[in-house]
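# Topology and contacts: notes
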Amino acid sequence: MGKVVLIVEIRSLGQSGLKVTNLCLGTMTFGNQADQKTSFEILDKAFHAGVNFIDTADVYPIGRVSQAVAGATESIIGEWLGSKRDKVVLATKCFGAIGPGANDRGLSRKHIITSVDDSLRRLKTDYLDLF
């Protein structure tokens, strides 16, 4: 097989002022179906191909065995990100259950604030580009 060439274009993300690639790397399997080493390889290939847009969530990885694994994907991305932070548009989200408590899911103010704080810690960054 020949080498696959990825063609990415930079586009405006609505009226947010953000410039993102037309391809966004979804990471919902990092930490479950893809271990850290494989996840790093995927992130590296996408980044070196020009993809600057990474999507994750506080509940990822999908298909996890227990809620104790919730957030593992963000932790993997946080380990990888390092000095590339200013070159990446990072999107995360909340809603799904991250624990057994009544406030461990949904879009209450409490859950959103907790989710943002926890995501920032796991992603090892002090800001999110898109939530």
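Residues numbered from 1 in each chain as written. Predicted model: local features only at pLDDT ≥ 70, side-chain atom pairs only at ≥ 80, totals over all residues. Heavy atoms only, no water.

### A closer look at the state of the cysteines
Tallied over the full model, the rule gives zero disulfides. There is no disulfide at Cys94, and the cysteine sulfur nearest it, in Cys24, is 17 Å away. Relative accessible area serves as the criterion here: at 11%, Cys94 is assigned to the buried category. (Disulfide = S-S within 2.5 Å. Buried < 20%, exposed > 50% of the residue type's maximum accessible area, 1.4 Å probe, protein only.)

### Observations regarding the pattern of salt bridges
On inspection of all chains with the given rule, the structure shows eight salt bridges. One salt bridge connects Glu79 with Lys124, and the closest N-O pair in it is separated by 2.3 Å. Separated by 45 residues along the polypeptide, Glu79 in helix α2 (residues 72-81) and Lys124 in the segment after α3 (109-123) bring together distant segments of the chain. Judged by its relative accessible area of 44%, Glu79 is partly exposed. (Salt bridge = Lys/Arg side-chain N within 4 Å of Asp/Glu carboxyl O. Helix = DSSP H or I, 4+ residues; strand = E, 2+ residues; numbered from the N terminus.)

### Examining the environment of Asp129
Here Asp129 is to be found in the segment after α3. Owing to a relative accessible area of 23%, Asp129 belongs among the partly exposed residues under this scheme. Sequence separation between Asp129 and Phe40 is 89 residues; the distance between their C-alpha atoms is 21 Å. Apart from residues no more than four positions distant in its own chain, Asp129 is found in contact with Leu18, Arg85, Val88, Val89 and Leu90. A distance of 2.8 Å separates a polar side-chain atom of Asp129 from the backbone nitrogen of Leu90. (Contact = heavy atoms within 4.5 Å. Polar contact = N/O pair within 3.5 Å; in protein donor to acceptor, adjacent residues only side chain to side chain.)

### Remarks on the sheet that holds strand β4 (residues 53-55)
Spatially, the three strands line up as an open sheet ordered β3-β4-β5, and their pairing is parallel. Edge positions in the sheet fall to β3 (24-26) and β5 (89-91), since each has one partner strand and no second. Averaged over all neighbouring strand pairs, the angle between strand axes comes to 20°, with direction disregarded. Relative to β4, β3 runs parallel, the two sharing three bridges. Directly across from Gly26, in β4, lies its bridge partner Asp55. (Pairing = 2+ DSSP bridges. Axes fitted to C-alpha atoms, helices over the stretch in contact; angles between N-to-C directions.)

### Some remarks on the packing of α2 against α3
At a minimum axis separation of 7 Å, α2 and α3 run at an interaxial angle of 45°. Taken together, the axes of α2 and α3 lie oblique to each other. On α3, the residues that touch Glu74, Ser75, Ile77, Gly78 and Leu81 of α2 are Ser119, Arg122 and Leu123. For the contact of α2 with α3, the per-class residue count stands at three nonpolar, three polar and two charged. (Parallel < 35°, antiparallel > 145°, perpendicular 65-115°, else oblique. Nonpolar A, V, L, I, M, F, W, Y, C, P; charged D, E, K, R; others polar.)

### A few points about the nonpolar core
Counting residues in each nonpolar core, the largest one holds 14 residues, and the members touching the most others are Leu25, Phe30, Leu43, Ile54, Ile77, Trp80 and Leu90. Going through the elements one at a time, α1 (36-48) and α2 are the ones with two or more residues in this core. In terms of residue count, α2 provides more of this core than any other element does, four residues in total. Excluding residues within four positions of it along the chain, Ile77 makes contact with Thr27, Phe30, Ile54, Thr56, Leu90 and Leu123. Judged by nonpolar contacts, the second largest core, of five residues, contains Leu18, Val20, Phe53 and Val89. (Core = buried A, V, L, I, M, F, W, Y, C linked by side-chain atoms within 4.5 Å.)

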